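Residue-level structural notes
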Amino acid sequence: GAVVSQHPSWVICKSGTSVKIECRSLDFQATTMFWYRQFPKQSLMLMATSNEGSKATYEQGVEKDKFLINHASLTLSTLTVTSAHPEDSSFYICSASAFQGNVAKNIQYFGAGTRLSVL
Amino acid sequence: GQQLNQSPQSMFIQEGEDVSMNCTSSSIFNTWLWYKQDPGEGPVLLIALYKAGELTSNGRLTAQFGITRKDSFLNISASIPSDVGIYFCAGRYTGTASKLTFGTGTRLQVTL
């Protein structure tokens, strides 16, 4: 199956600093990548959709200036949490969409997630 | 954002028992997916459904795409301890460029 690597798996930072999270599709090219946030005991909430070479599309209520997304290649997307505050502490998960021969059958494969703790 | 209603929210079962969970939506989807998430990990795809009425199996797991396109269910037969985790359904609308809407999750715990 398709493999998505996410790094780092865990990061602790001081309030006010910025944190970058990487998401790579290891064995396939992903024209579209997605970033989710998950709070404890809750479901995944989509933050933004990232297409290679274009600006990300953010979901309602997600601050695009705070959560910077870059999708510079078909195998790499990055999420930067700028000026992080304790309320940004969460589990951030990326996914990459793998073409299955039919756009209607594209599957999202997920990374292992990044746990961000802001002190 | 919107979430799908998933039930039950949690369940405790004994090893060897069958498990059934379902997911409902007020809107139509053209794809239903079922994922399992272990603690501290990302979701792993279990089954993908593309057609209304479709019934698909993956080992001890069976999932169906509801005829109305507004629901789906997942069955696990003869549960084992490693089935413990959170199961999420996810639906995709036509024309939304693969964007998924996730269910609220079903937490499964299996006792020996």
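Presented here is a report on the structure given in the accompanying data block.

**Things to note about the overall build of chain B**
- Summing up its helical and strand segments, chain B has 0 helices and 11 strands in all.
- Relative to its length of 112 residues, chain B is compact, with a C-alpha radius of gyration of 13 Å against a globular reference of 13 Å.
- Total accessible area computed for chain B in this model is approximately 5200 Å², and 52% of it derives from carbon and sulfur atoms.
- Of the side-chain charges in chain B, 8 are positive and 8 negative, and the distance between the mean point of each set is 14 Å.

**Here we look at unusual backbone geometry**
- A cis amide bond links His7(A) to the next residue, Pro8(A), at an omega of 0°.
- Within the secondary structure, Pro8(A) is located in the loop between strand 1 (4–7) and strand 2 (10–13).
- The residue after Ser7(B), namely Pro8(B), is reached through a cis peptide bond having omega -5°.
- By secondary structure assignment, the location of Pro8(B) is in the loop between strand 1 (5–7) and strand 2 (10–14).
- The backbone phi angle of Lys41(A) is positive, close to 60°, even though this residue is not glycine.
- Mapping Lys41(A) onto the fold places it in the loop between strand 4 (32–38) and strand 5 (45–51).
- Overall, the relative accessible area of 76% leaves Lys41(A) in the exposed class.
- The phi torsion at Arg69(B) lies on the positive side, around 70°, for a residue other than glycine.
- Along the polypeptide, Arg69(B) turns up in the loop between strand 7 (61–65) and strand 8 (71–76).
- Look at Arg69(B) and you get partly exposed, because its relative accessible area is 31%.

**Structural notes on the side chain of Thr82(A)**
- Along the chain, Thr82(A) falls in the loop between strand 8 (76–81) and strand 9 (90–98).
- Accessibility expressed as a relative area gives 18% for Thr82(A), which makes it buried.

**So, the state of the cysteines**
- One pass over the structure, following the stated rule, counts 2 disulfides over all chains.
- Cys23(A) shares a disulfide with Cys94(A); S-S distance 2.0 Å. Across the S-S bond linking Cys23(A) and Cys94(A), the dihedral sits near 80°, which makes this disulfide right-handed. Residue Cys23(A) is located in strand 3 (residues 19–25), and its partner Cys94(A) is located in strand 9; the two are separated by 71 residues in the primary sequence. Note on accessibility: Cys23(A) and Cys94(A) belong to one class, buried.
- Note on cysteine connectivity: Cys23(B) is disulfide-linked to Cys89(B), with sulfurs 1.8 Å apart. With a gap of 66 residues between them, Cys23(B) in strand 3 (residues 19–24) and Cys89(B) in strand 9 (residues 85–92) connect regions that are remote in the sequence.
- Given a relative accessible area of 0%, Cys23(B) falls into the buried group.
- Between Cys13(A), a cysteine without a disulfide, and Cys94(A), which holds the nearest cysteine sulfur, the sulfur-to-sulfur distance is 18 Å.

**Some thoughts on the pattern of salt bridges**
- Enumeration over the complete set of coordinates arrives at 5 salt bridges over all chains.
- Glu59(A) serves as the salt-bridge partner of Lys99(B), at 3.1 Å between the closest nitrogen and oxygen. Of this pair, Lys99(B) sits in the loop between strand 9 and strand 10 (100–102) while Glu59(A) is found in the loop between strand 6 (57–58) and strand 7 (67–73), placing the two residues in two different chains.
- According to the relative accessible area criterion, Lys99(B) is partly exposed, its value standing at 29%.
- Accessibility expressed as a relative area gives 21% for Glu59(A), which makes it partly exposed.

**Some remarks on the environment of Gly40(B)**
- Secondary-structure assignment places Gly40(B) in the loop between strand 4 (31–37) and strand 5 (44–49).
- Judged by relative accessible area, which is 43%, Gly40(B) ranks as partly exposed.

**Focus on the interface of chain B and chain A**
- Listed per partner, the contact involves 23 residues of chain B and 24 residues of chain A.
- Taken together, the connections running from chain B to chain A amount to 1 salt bridge.
- Across the chain B-chain A interface, the total number found is 5 residue pairs in polar contact (both at pLDDT 80 or more).
- Of all elements in the fold, only strand 4, strand 5, strand 9 and strand 10 of chain B reach the threshold of two or more residues within the side of chain B that touches chain A.
- By residue number, the principal contributor to the side of chain B that touches chain A is strand 4 of chain B, which donates 4 residues.
- The class makeup of the residues in the side of chain B that touches chain A is 10 nonpolar, 9 polar and 4 charged.

What counts, and at which threshold
Residues numbered from 1 in each chain as written. Chains lettered and ligands numbered in written order. Predicted model: local features only at pLDDT ≥ 70, side-chain atom pairs only at ≥ 80, totals over all residues. Heavy atoms only, no water. Helix = DSSP H or I, 4+ residues; strand = E, 2+ residues; numbered from the N terminus. Rg over C-alpha atoms; globule rule 2.2 N^0.38 Å. Areas by Shrake-Rupley, 256 points an atom, 1.4 Å probe, with all protein chains shown as cover. Lys, Arg positive; Asp, Glu negative; His and termini not counted. Charge placed at Lys NZ, Arg CZ, Asp CG, Glu CD. Buried < 20%, exposed > 50% of the residue type's maximum accessible area, 1.4 Å probe, protein only. Disulfide = S-S within 2.5 Å. Salt bridge = Lys/Arg side-chain N within 4 Å of Asp/Glu carboxyl O. Contact = heavy atoms within 4.5 Å. Polar contact = N/O pair within 3.5 Å; in protein donor to acceptor, adjacent residues only side chain to side chain. Nonpolar A, V, L, I, M, F, W, Y, C, P; charged D, E, K, R; others polar.

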